[in-house]
Each structure stands twice: as C-alpha cells, then as structure tokens.
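# Residue-level structural notes
Listed below, chain by chain, are the residues.
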Amino acid sequence: MQFAILNYVMPHNFADRRPENDPDGPAWGAYTKALLDAGVMVGGAALSPSHTATTVRIADGRRELHDGPYAETKEQLGGFYLIDVPDLDTALAWAARNPAASSGAVEVRPLMKT
Amino acid sequence: MKQATASMAAELVARLSYGKLLAMLAVRSRDIAAAEDALSEALLRAISEWERAGVPTNPEAWLVQVARRIDADRWRRTVSAARGAERWLLLEDERMSEPARDVPDDRLRLMLVCAHPAIEPEIHTPLMLQVVLGIDARRIASAFLVAPSTMGQRLSRAKARIAEAGLPFELTDRSALAERIDAVLAAIYAAYTLGWDLAFIDADRSADLVDEAIWLVRLIGELAPDHSDARALLALVLFAEARRSARRDSETGAFVPLYEQDPTRWNQNVLAEAESALRHAGRLGAKGRFGFEAAIQAVHAARRSSGATDWVAIEHLYRGLLLVSPTIGAHIGHAVALAETGDVGSALERLDALPYGRSSMHQPYWVARAHLLNLNGDRGSAREAITKAIGLTEAPAIRRFLVQRRERFADN
C-alpha cells in the first residue's frame with residue numbers, strides 16, 4: 001500500500017532550511033536515509049517556506065491570486081514522502097520517526113488506488 | 001456540593017475498582033463488551049442516584065448489582081423475555097452462592113481470558129489494559145502507535161471472540177493456570193517495555209504504563225505467590241523503575257544513558273525491593289528470561305556500592321538469557337557486554353551474524369553497532385551506523401543525544 005507522509009513543521013523549524021535554524025536539521029537526512037535503506041521510499045520532496053507560495057483560485061467566475069499559502073496555519077506543510085509499506089501500522093511507525101512528529105505534526109494518508 | 005460528592009465518589013470507585021467490578025460482571029456473563037456497557041451505564045446512574053439518596057455504604061456492591069440488572073435487561077430485550085429472565089435468575093443465584101473456585105480472584109480470571117491462546121498475542125496487552133485497568137482505546141492506540149479506529153476494532157473483535165467462542169473463565173486445574181500465567185506475564189512485560197520505550201516520547205503515558213505494569217505484576221504476585229517468573233518480573237520492572245528519574249538530566253531534561261547515570265539518583269528503596277523480589281524468585285528456582293534479565297539489572301544496580309560495572313558477570317548472564325530467550329535485544333546486550341570485557345572483535349562478529357531482516361530496522365542494533373565500531377577505532381563506519389540509528393529514532397531527546405554522539409565521532 002502506498003501512503004503519503006505529510007510533514008507539517010513549525011515556521012521556525014524551516015526558515016530558509018538552514019541547519020542552524022532547524023533543531024531537527026541533522027535528523028532529516030538520517031530519516032530519509034533510513035527510508036531509502038528500508039526500500040520503502042517511492043518519492044517525496046522538501047518544499048520552500050510557505051511565504052514563497054502563490055495561491056490561485058477561480059470562484060464565482062473570477063480569478064483570484066494571492067501571495068502566501070492556501071491555508072494559514074501555525075504548522076506549515078514543509079514537505080512529503082511517498083512510501084510503499086504493507087499496512088497502515090507500518091506507515092504509522094515510519095510517521096512517528098519523522099522529525100516533524102515531535103516538533104509539528106505528521107499526517108499519514110493512503111494514496112487512492114489508480 | 002452534593003452532586004460534586006456523588007460524582008467524585010463514582011469517579012473514585014471507577015478509578016480504584018474498575019477492573020475488579022468489570023471482572024465480577026464479565027466472569028459471570030462471559031461477555032466483556034456487554035459488561036463494559038453495563039458498568040458505564042451503572043456509573044452514570046450512580047451519579048444521579050447517589051446525588052438524590054446519598055452515597056451507599058458499599059458503592060461497589062451497589063454498582064455491581066445495578067450493572068447486573070442493566071445487563072440482564074438488555075439481554076432480555078435483545079434475545080427473549082424467557083431467556084433473559086433465566087439468565088437474570090442464574091446471575092442472582094451465582095451472587096447468592098459463590099461456588100468454590102481454583103483461581104481466587106476474578107481479575108486474574110479476566111487476565112487469563114485476555115491472554116487466551118485463541119486471542120491474537122498482539123492484542124493481549126491492549127485488551128488487558130482496557131478490561132482490567134479501564135484505560136480507554138484512544139490512549140491505548142497512542143501508546144501502541146496504531147490508528148485509534150483500528151485499535152477500537154481490534155479490541156471489539158477480541159471481545160466478540162471471547163463471547164462467541166465461549167472462552168472458559170474457569171480453569172479446571174492448577175497446571176493450566178501455570179501454563180496460562182506465562183501469557184499473562186508476557187503481556188505485562190510488553191506493557192512495561194512499551195512504558196520504558198515511551199519515556200522520552202510521552203512521559204506521562206510512559207509513567208502510567210510502567211505503574212500499571214507494576215500494579216498488575218504485584219497483583220499476580222499476590223494471586224500466585226509461589227510463581228517464580230512472576231517474582232522475577234516484579235524484580236525486573238522495579239529495577240527499571242528505580243532508575244526512571246536518573247535517565248533524564250535534572251536540569252536540561254536530556255537523555256542520560258545507563259553507564260553515565262549517577263547511582264545516587266537511583267531510588268534506593270525501590271532497588272532494595274527489587275533485590276528482595278529477585279532473591280525470592282531465586283529461592284523459587286526462577287530459570288526463565290525474566291530471572292536472567294532481572295539479574296542483569298541487579299549487576300548494573302550493584303555499581304552503586306562497588307563503583308564499577310561487573311561486565312564479566314553481565315556477559316555470563318546474557319549467555320544464559322540467550323539460551324532461554326534469543327531475542328534480538330538479548331543478542332545486542334550480549335555483544336555490548338562482550339565488547340566491554342575487552343573482546344570487541346568477537347562482539348562485532350556476533351552483530352554481523354544476526355540476520356539482516358531482524359536488525360536492519362532495529363534502532364538499538366545501530367546504536368550498539370556504532371558504539372562497538374567506535375571502540376574498534378573505525379569512526380567512519382561508526383558515523384554511518386549512528387546516522388542510521390538517528391533515522392530510526394522516534395524520541396527527540398534520544399535523537400539529540402545521538403546527533404551529539406555523532407559529532408564526537410567526527411571530532412576524533
């Protein structure tokens with residue numbers, strides 16, 4: 001089963017993604033390596049800080065753009081992993097090791113079967 | 001004010017006697033889920049009833065009587081009037097004349113059912129935590145790192161299985177008791193190790209689980225005083241409990257590994273009780289895994305008077321442990337002890353010999369491997385191994401500890 005692991009991080013954990021700004025910095029590389037070594041990683045990406053986002057919306061026949069992320073939350077989507085594991089229990093075990101779990105939150109979602 | 005007293009009284013009974021009351025109900029009806037429903041309904045009624053008429057002199061007896069009536073009423077509604085009445089009469093009969101039984105305490109019977117071979121072993125501990133201690137499924141799910149809805153389903157399925165399969169709440173002879181207690185002890189041990197592992201992830205839940213494991217193992221000790229493994233398990237959990245606060249730096253809260261702990265911060269009273277339980281287990285002839293594990297802990301604890309750790313003794317004890325219980329943890333502990341006695345080469349060979357499938361995702365394996373490689377002077381490989389350990393670590397305090405350790409490997 002494939003799952004997306006969405007990393008929600010605090011803004012201060014991810015400002016400019018410099019290790020000195022992120023107490024979890026050294027842990028991210030180690031976590032990604034562990035996923036790769038386990039042979040479960042399918043894909044993923046780290047995102048730039050949410051202030052770099054541009055949001056596009058077409059509503060009531062009007063095109064609206066604004067600077068910044070779609071959802072203004074305290075935790076921001078900092079990146080994601082796609083993994084292939086036997087079941088939800090295994091996906092949760094990986095999510096718990098994700099550095100964002102202890103500083104922000106991690107959301108685990110099954111991918112739709114195509 | 002009166003209402004506060006009534007609800008406080010109900011809450012107090014629920015907290016202190018939940019397992020006992022549920023056991024009394026379930027042992028008779030053999031339906032744990034129905035007994036839980038009846039008991040929570042009785043607790044709700046207690047709040048309004050006790051507010052009106054005052055708290056009864058024996059609140060537990062009141063709750064059991066009301067819960068039995070609720071259970072019988074429900075049964076009557078769902079099945080048929082005749083069978084419900086029959087069951088109610090049966091229950092009343094049982095209440096009036098308590099038959100002599102082999103196993104004296106209803107809670108032990110309930111624990112034995114929770115750890116029945118027909119129930120999947122993975123659910124033994126969650127089931128026991130819920131039905132004997134009344135912990136809710138959400139909290140159990142968090143502790144076991146399982147989705148709350150999944151944990152709820154697994155618990156309900158197990159209870160349905162107990163009811164449908166008619167798992168016996170009676171034990172016909174003592175030898176069956178001895179056999180089944182092992183499964184109960186394994187479930188308690190699982191609760192305790194989980195509590196230990198959670199110490200740096202969720203300190204409150206960790207303390208709760210460890211306390212609950214200690215409580216359950218003490219209860220087994222009372223119910224089966226001559227069971228050597230139960231004594232040994234009590235010793236083991238108490239040795240660990242004595243070191244609980246010393247695992248954290250008192251100022252920074254950082255993780256402190258066993259070999260760097262200040263023995264004066266260990267709880268001396270708890271250690272004395274652990275040592276006494278271990279001696280008792282030894283007199284009873286404990287030769288199982290808990291005996292060896294507790295003895296290893298006793299050698300570590302002896303550092304508080306001798307000032308040094310007797311690694312030769314620990315290495316011997318791990319060899320004994322491997323004979324009765326060759327878990328990956330025992331293999332790792334043995335390799336570390338062997339390295340501490342000076343034989344780092346053999347220790348690394350032993351780690352290499354472990355099947356990759358068992359070790360590759362096991363965080364303690366990579367911590368131990370990094371330590372041994374560093375002792376062997378191979379800092380590059382030690383760094384790689386510790387990076388792997390960092391990637392597999394869940395607790396932030398331990399992750400920080402390992403990141404610092406990795407920097408130390410680089411500096412040298």
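Residues numbered from 1 in each chain as written. Chains lettered and ligands numbered in written order. Predicted model: local features only at pLDDT ≥ 70, side-chain atom pairs only at ≥ 80, totals over all residues. Heavy atoms only, no water.

A few words on the overall build of chain B. Along the backbone of chain B there are 21 helices and zero strands. In terms of overall dimensions, chain B has a C-alpha envelope of 80 × 45 × 40 Å along the principal axes. A buried classification covers 50% of the 412 residues belonging to chain B. Restricting to contacts in chain B with at least 6 residues of sequence separation, those with at least 24 account for 64%. Across chain B, the centroid of the 52 positively charged side chains sits 1 Å from that of the 54 negatively charged ones. (Helix = DSSP H or I, 4+ residues; strand = E, 2+ residues; numbered from the N terminus. Buried < 20%, exposed > 50% of the residue type's maximum accessible area, 1.4 Å probe, protein only. Contact = heavy atoms within 4.5 Å. Lys, Arg positive; Asp, Glu negative; His and termini not counted. Charge placed at Lys NZ, Arg CZ, Asp CG, Glu CD.)

Let us look at helix H6 (residues 121-133) of chain B. Residues and elements named next belong to chain B. In a regular helix each residue adds 1.5 Å, so 13 residues correspond to 18 Å; H6 covers 18 Å between its end C-alpha atoms and thus fits that length. Where H6 bends most, at Leu127, the angle is about 30°. Taken across its 13 residues, H6 has 11 buried, putting it largely inside the fold. For H6, every residue scored as buried is listed here: Ile123, His124, Thr125, Pro126, Leu127, Met128, Leu129, Gln130, Val131, Val132 and Leu133. Directly after H6, the chain includes Gly134, whose backbone phi takes a positive value near 70°. (Expected span 1.5 Å × (residues − 1). Bend = angle between axes of the 7 residues up to and from the residue.)

Residues and elements named next belong to chain B. Running from amino to carboxyl end, helix H16 (residues 328-340) crosses helix H19 (residues 363-375) at an angle of 15°, the nearest separation of the two axes being 10 Å. Accordingly, the angle class assigned to the pair H16 and H19 is roughly parallel. For the crossing formed where H16 meets H19, the hand is left-handed. Contacts from Ile332, Ala335, Val336, Ala339 and Glu340 in H16 reach Pro364, Tyr365, Ala368, His371, Leu372 and Leu375 in H19. Counted by class, the contact of H16 with H19 contains nine nonpolar, one polar and one charged residues. (Axes fitted to C-alpha atoms, helices over the stretch in contact; angles between N-to-C directions. Parallel < 35°, antiparallel > 145°, perpendicular 65-115°, else oblique. Left-handed = near helix turned anticlockwise from the far one by under 90°. Nonpolar A, V, L, I, M, F, W, Y, C, P; charged D, E, K, R; others polar.)

One frequently used descriptor of interface size is the decrease in accessible area upon assembly of the parts. Contacts between chain A and chain B engage 19 residues on the former and 17 residues on the latter. Both faces combined, the contact of chain A with chain B buries some 1400 Å², and carbon together with sulfur accounts for 63% of it. Where chain A touches chain B, the interface holds two salt bridges. Salt-bridge contacts for Lys388(B) lead to Asp37(A); the nearest nitrogen and oxygen are separated by 3.2 Å. For the side of chain A that touches chain B, the elements supplying multiple residues, two or more each, are helix H2 (25-37) and helix H3 (88-97) of chain A. Of the residues assigned to the side of chain A that touches chain B, the class counts are 12 nonpolar, two polar and five charged. (Buried area = accessible area lost by both parts, 1.4 Å probe. Salt bridge = Lys/Arg side-chain N within 4 Å of Asp/Glu carboxyl O.)

Residue and element names in this part refer to chain B. Relative to the helices and strands, Lys20 resides in helix H1 (residues 2-29). Judged by relative accessible area, which is 32%, Lys20 ranks as partly exposed. Each C-alpha atom of the pair Lys20 and Leu108 lies 9.5 Å from the other, and the pair is 88 residues apart in sequence. Look past the residues within four positions of Lys20 in its chain and what remains in contact with it is Glu60 and Arg107.

The next point concerns the nonpolar core. Core analysis: the biggest nonpolar cluster contains 96 residues, and Trp50(B), Leu63(B), Met128(B), Ile188(B) and Leu233(B) have the highest contact counts within it. Core analysis: the second largest hydrophobic core is formed by 53 residues, Ala339(B), Leu354(B), Ala382(B) and Ala395(B) among them. (Core = buried A, V, L, I, M, F, W, Y, C linked by side-chain atoms within 4.5 Å.)

Residues and elements named next belong to chain B. Taken domain by domain, chain B holds domain 1 (2-96), domain 2 (106-166 + 173-224) and domain 3 (225-295). Domain 1 puts 14 residues into the contact, and the matching count from domain 2 is 12 residues. For the pair domain 1 and domain 2, the summed buried area comes to about 1000 Å², and 69% of that belongs to carbon and sulfur atoms. Our enumeration of links across domain 1 and domain 2 arrives at one salt bridge. Its salt-bridge partner being Lys159, residue Glu36 comes within 2.7 Å of it at the nearest N-O pair. In this structure, the connection of domain 1 to domain 2 is made through one residue pair in polar contact (both at pLDDT 80 or more). If one sorts the elements of the side of domain 1 that touches domain 2 by residue count, H1 sits on top with nine residues. Partitioning the side of domain 1 that touches domain 2 into residue classes produces eight nonpolar, one polar and five charged. (Domains from an automatic or database assignment. Polar contact = N/O pair within 3.5 Å; in protein donor to acceptor, adjacent residues only side chain to side chain.)

In this section: the side chain of Gln363(B). Residue and element names in this part refer to chain B. By the secondary structure assignment, Gln363 is in helix H19. Relative accessible area serves as the criterion here: at 19%, Gln363 is assigned to the buried category. Among residues more than four places away in sequence, those in contact with Gln363 are Ala389, Leu392, Thr393, Ile398 and Leu402.

With zero of six residues buried, strand S4 (residues 62-67) of chain A is to be regarded as a mostly surface element. Between the end of strand S3 (residues 54-59) of chain A and the start of S4(A), which pair antiparallel, lie two residues, with Asp60(A) showing a positive phi angle near 50°. (Pairing = 2+ DSSP bridges.)

Residues and elements named next belong to chain A. Across the sheet, four strands lie side by side as S2-S5-S1-S6; this open sheet has antiparallel pairing. Looking at the sheet topology across the chains shown, the edges are occupied by strand S2 (41-46) and strand S6 (105-110). In this sheet, adjacent strand axes meet at a mean angle of 20° when their direction is disregarded. Where strand S1 (residues 2-9) lies against strand S5 (residues 76-84), eight bridges are found, and the strand directions are antiparallel. Note that in S5 the partner of Gln2 across the bridge is Asp84.

All right, on to the pairing of S5(A) then. By the bridge criterion, five bridges tie S2(A) to S5(A) in an arrangement that is antiparallel. Of the residues in S5(A), the one forming a bridge with Ala46(A) is Gly79(A).

Let's shift gears to the pattern of salt bridges. Taken as a whole and assessed by the stated rule, the structure comprises 17 salt bridges over all chains. Close ionic contact of Arg52(B) with Glu49(B) constitutes a salt bridge, the shortest N to O distance being 2.5 Å. Highlighted residues: Arg52(B) and Glu49(B), both in helix H2 (residues 32-53), separated by three residues, approximately one helical turn. Connected through shared salt-bridge partners, Lys33(A), Asp37(A) and Lys388(B) make up one network.

Below, the discussion takes up the side chain of Arg303(B). Residue and element names in this part refer to chain B. Assignment of secondary structure puts Arg303 in helix H14 (residues 303-306). Buried charge without a salt bridge: Arg303, with Asp262 as the nearest opposite-charge side chain at an N-O distance of 6.9 Å. Side-chain polar atoms of Arg303 contact the backbone oxygen of Gln261, separated by 3.3 Å. Apart from the residues within four sequence positions on either side, Arg303 is in contact with Leu258, Tyr259, Gln261, Pro263, Trp266, Ala308 and Thr309.

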